[in-house]
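# Close look at the chain arrangement
Each chain, letter by letter, is given below.
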Amino acid sequence: MKKETLAILGGGAAFDKPLPVGQLYFPSWDRYKSAMHGIFQRKYYTNQGPLVQELEHKLERFLGVKNVICVTNGTIGLMMASEAMMLSGKVILPSFTFIASAQALAWAGIDPVFCDIDPNTHQLDVDKLDALIDNDVTAIMGVNLWGGACDTVRLEKYAQARNLKLFFDSAQAFGSMVGETSVANFGSVSVFSFHATKVVSATEGGCLATNDDALAAKLRNIRSSYGAGAPVPVVKTSNGRMSEAQAAIALMSLEDFPQNQSKNEMLFNKYKKCLKDLPGIELIHPAGVTFSNYQYVVCEIDEKAFGMGRDTLLTILNADNIIARRYFYPGVHRSVGFESKYQQDANSLTVTEEVCESAIQFPIGALVDESAVDKICGIIALIQENSEYLNAFLGGG
Ligand SMILES: *Cc1c(COP(=O)(O)O)cnc(C)c1O
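Report on the accompanying structure. This one's a predicted model, so the numbers in the text were calculated from it and none came from an experiment. (Residues numbered from 1 in each chain as written. Predicted model: local features only at pLDDT ≥ 70, side-chain atom pairs only at ≥ 80, totals over all residues. Heavy atoms only, no water.)

Our focus in this paragraph is the overall build of the chain. The number of helices and strands found in the chain is 14 helices and 14 strands. For 397 residues, the compact-globule estimate of 2.2 N^0.38 gives 21 Å, and the C-alpha radius of gyration of the chain, at 22 Å, lies within 12% of that figure. Principal-axis analysis of the C-alpha atoms gives the chain an extent of 65 × 55 × 35 Å. Each of the 397 residues in the chain was classed as buried or not, and the buried ones make up 56%. Approximately 16,800 Å² of the chain is accessible, and the part contributed by carbon and sulfur atoms is 52%. Side-chain charges in the chain split into 34 positive and 43 negative, and the spacing between the mean points of these groups amounts to 6 Å. (Helix = DSSP H or I, 4+ residues; strand = E, 2+ residues; numbered from the N terminus. Rg over C-alpha atoms; globule rule 2.2 N^0.38 Å. Buried < 20%, exposed > 50% of the residue type's maximum accessible area, 1.4 Å probe, protein only. Areas by Shrake-Rupley, 256 points an atom, 1.4 Å probe, with all protein chains shown as cover. Lys, Arg positive; Asp, Glu negative; His and termini not counted. Charge placed at Lys NZ, Arg CZ, Asp CG, Glu CD.)

In structure tokens form, the structure reads like this:
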């Protein structure tokens, strides 16, 4: 390939349509039609309908947990978990996560305290927790990132020894396993997202998974009177119900999870093979799990070795309709609402700061196939070979 084929240098875009990151699951039109037909026949849109009930039972079996509570989206789930666990004061979470992890705590009136991450895995660095603990800290929110997991086993021991509560944002780890068990089996509760970009989709949606029956009863009462089960006194409710239309998509998506996971794994390995000899680009493997949903292809760009910074690479790829993303940027600690607080904390998040500048996410999921990965990697190689020229052309570094 010649550099002139790059869209940024006047060639046509490599892909006709933008190729985004994210799973973007769509069932066949016929399956969709028949699922919606059922909803129309029953004339039942929401309020813990038969499809939501079926989905909850299937998820309990799939995740190997006693209770699953389906909700409108993952963020509502995190807010409900904070309320049900009666968290207060400060809660520690990693600074390298999606903003919703911290926003959910803010909605629950909790002060987030940001912990740095491991440079190799991007997961919460348990060794950095000690320095953040004070009398106001009541809990830890672990985040299971990139289809992998943080050190769930060590975190459980750590929290128990200090009498801290522990729960997980598992929005990115649906189906992933730690040892013999799903990530849902750690901490008091694990929260999943079924957003359209996630490996299992309800278009919008999420669920809470817990083996604690009393906590589950509380969560059901916080969600809504429908499907509340035995009444438990709660202070706040959320109306965080999942609709039948959401559940219909989620049921099909759950059924197709095995094929989607294995396709993702194949695509991930293809990226790995195609990128391994390129200097300055390092693929991050889903950490700490025996089985991953392989929903993310995240690399770090070493500007010196690659010959170009992450942001310049992104600009060039985007011109070719490869909608790679810097994710997460900026770190949550630098986002509106948290920045001023973070600066007071004087808590150094060196690794997070570095990774926010170097991480790039490439397309994987339903819209991507093997030939697309070949093409994307070929373009990345072409960019790398011509980095000096392109830097000069774009007037950047
Ligand atoms: C997607 C995601 C969420 C939010 O889930 P929604 O269903 O969109 O509310 C929270 N945390 C992480 C880490 C996520 O990736």
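On to the pairing of strand β2 (residues 67-71). Counting buried residues along β2, five of its five residues qualify, which places the element largely inside the surrounding structure. Here β2 shows no split at all, with Asn 67, Ile 69 and Val 71 on one side and Val 68 and Cys 70 on the other all buried. As defined by bridge partners, β2 adjoins strand β10 (residues 206-210) across five bridges and the pair is classed as antiparallel. Residue pairing for β10: Val 68 is matched across the bridge by Ala 209. (Pairing = 2+ DSSP bridges.)

With that settled, consider the packing of helix α3 (residues 74-84) against helix α4 (residues 99-107). Interhelical geometry of α3 versus α4 gives an angle of 45° and a closest axis separation of 8 Å. For the element pair α3 / α4, the angle class is oblique. The element α3 and its partner α4 pack so that their crossing is right-handed. For the pair α3 and α4, contact is made by Thr 75, Leu 78, Met 79 and Ser 82 and by Ala 100, Ser 101, Ala 104, Leu 105 and Trp 107, respectively. Of the residues in the contact of α3 with α4, the class split is six nonpolar, three polar and no charged. (Axes fitted to C-alpha atoms, helices over the stretch in contact; angles between N-to-C directions. Parallel < 35°, antiparallel > 145°, perpendicular 65-115°, else oblique. Left-handed = near helix turned anticlockwise from the far one by under 90°. Contact = heavy atoms within 4.5 Å. Nonpolar A, V, L, I, M, F, W, Y, C, P; charged D, E, K, R; others polar.)

Another aspect to go through is the sheet that holds strand β12 (residues 297-301). What the three strands build is an open sheet, ordered β11-β12-β14; its pairing is antiparallel. Here the strands that pair on one side only, and so sit at the sheet edges, are β11 (281-284) and β14 (359-362). With strand direction ignored, the average angle separating the axes of adjacent strands in the sheet is 35°. In terms of strand pairing, β11 meets β12 through four bridges, oriented antiparallel. The residue bridging Leu 283 from the neighbouring strand is Cys 299, located in β12. The strands touched by helix α8 (residues 257-275) within the sheet are β11, β12 and β14, with β11 carrying the most contacts at an inclination of about 155°.

Let's shift gears to unusual backbone geometry. Between Tyr 327 and Phe 328 the backbone carries a cis peptide bond, its omega angle lying at 10°. Summarising the element assignment, Phe 328 is placed in the loop between β13 (322-323) and α11 (339-345). Residue Pro 330 is reached from Tyr 329 by a cis peptide bond, and omega for that bond is -10°. Locating Pro 330 in the fold gives a position in the loop between β13 and α11.

Below, the discussion takes up the nonpolar core. Within the largest apolar cluster, 52 residues are counted, with the highest numbers of intra-cluster contacts made by Leu 55, Leu 59, Ile 140, Leu 155, Phe 174, Phe 192 and Phe 194. Element by element, the count of residues in this core is highest for helix α7 (residues 244-255), at seven residues. Discounting chain neighbours no more than four positions away, the residues touching Phe 174 are Leu 59, Phe 62, Leu 63, Phe 192, Phe 194, Val 199, Val 200, Leu 254, Phe 257 and Asn 293. Grouped together as the second largest cluster of nonpolar side chains are 45 residues, Val 91, Val 143, Val 189 and Leu 215 included. (Core = buried A, V, L, I, M, F, W, Y, C linked by side-chain atoms within 4.5 Å.)

Next up on the list: helix α14 (residues 387-394). The periodicity of an α-helix, 3.6 residues per turn, causes residues three or four positions apart to be oriented the same way. All of the buried residues in α14 are Ser 387, Leu 390 and Asn 391. Projected down its long axis, α14 carries its buried residues within an arc of 105°, all on one side. With respect to the buried face of α14, the exposed residues turned more than 90 degrees away are Glu 388 and Ala 392. Among the structural elements, α9 (303-306), α10 (310-319) and α13 (370-385) are those in contact with the buried residues of α14. (Arc of directions from axis to C-beta.)

Here we come to the pairing of β12. For β12, the tally of buried residues reaches five of five residues, placing the bulk of the element in the interior. Neither face of β12 is exposed, since Val 297, Cys 299 and Ile 301 on one face and Val 298 and Glu 300 on the opposite face are all buried. Bridge count for β12 against β14 is four bridges, and the pairing is antiparallel. Residue pairing for β14: Cys 299 is matched across the bridge by Ile 360.

As a structural note, the neighbourhood of the ligand is formed by 14 residues, with Gly 74, Thr 75, Asp 169, Ser 193 and Lys 198 the closest of them. In the environment of the ligand, an oxygen atom lies 2.8 Å from a nitrogen or oxygen atom belonging to the backbone of Gly 74. Measuring from an oxygen atom of the ligand, one finds a side-chain N or O atom of Lys 198 at 3.2 Å. Within the complex, 94% of the 380 Å² of free accessible area of the ligand lies under protein. Among the detected pockets, the ligand sits in the largest pocket. Looking at the shell around the ligand, the elements with two or more residues in it are α3 and α4. (Near = heavy atom within 4 Å. Polar contact = N/O pair within 3.5 Å; in protein donor to acceptor, adjacent residues only side chain to side chain. 1 Å grid on protein atoms, 1.4 Å probe; cavity = no way out; pocket = protein on both sides within 12 Å on 5 of 7 lines; lining within 4 Å. Sits in = over half its atoms within 2 Å of the grid points.)

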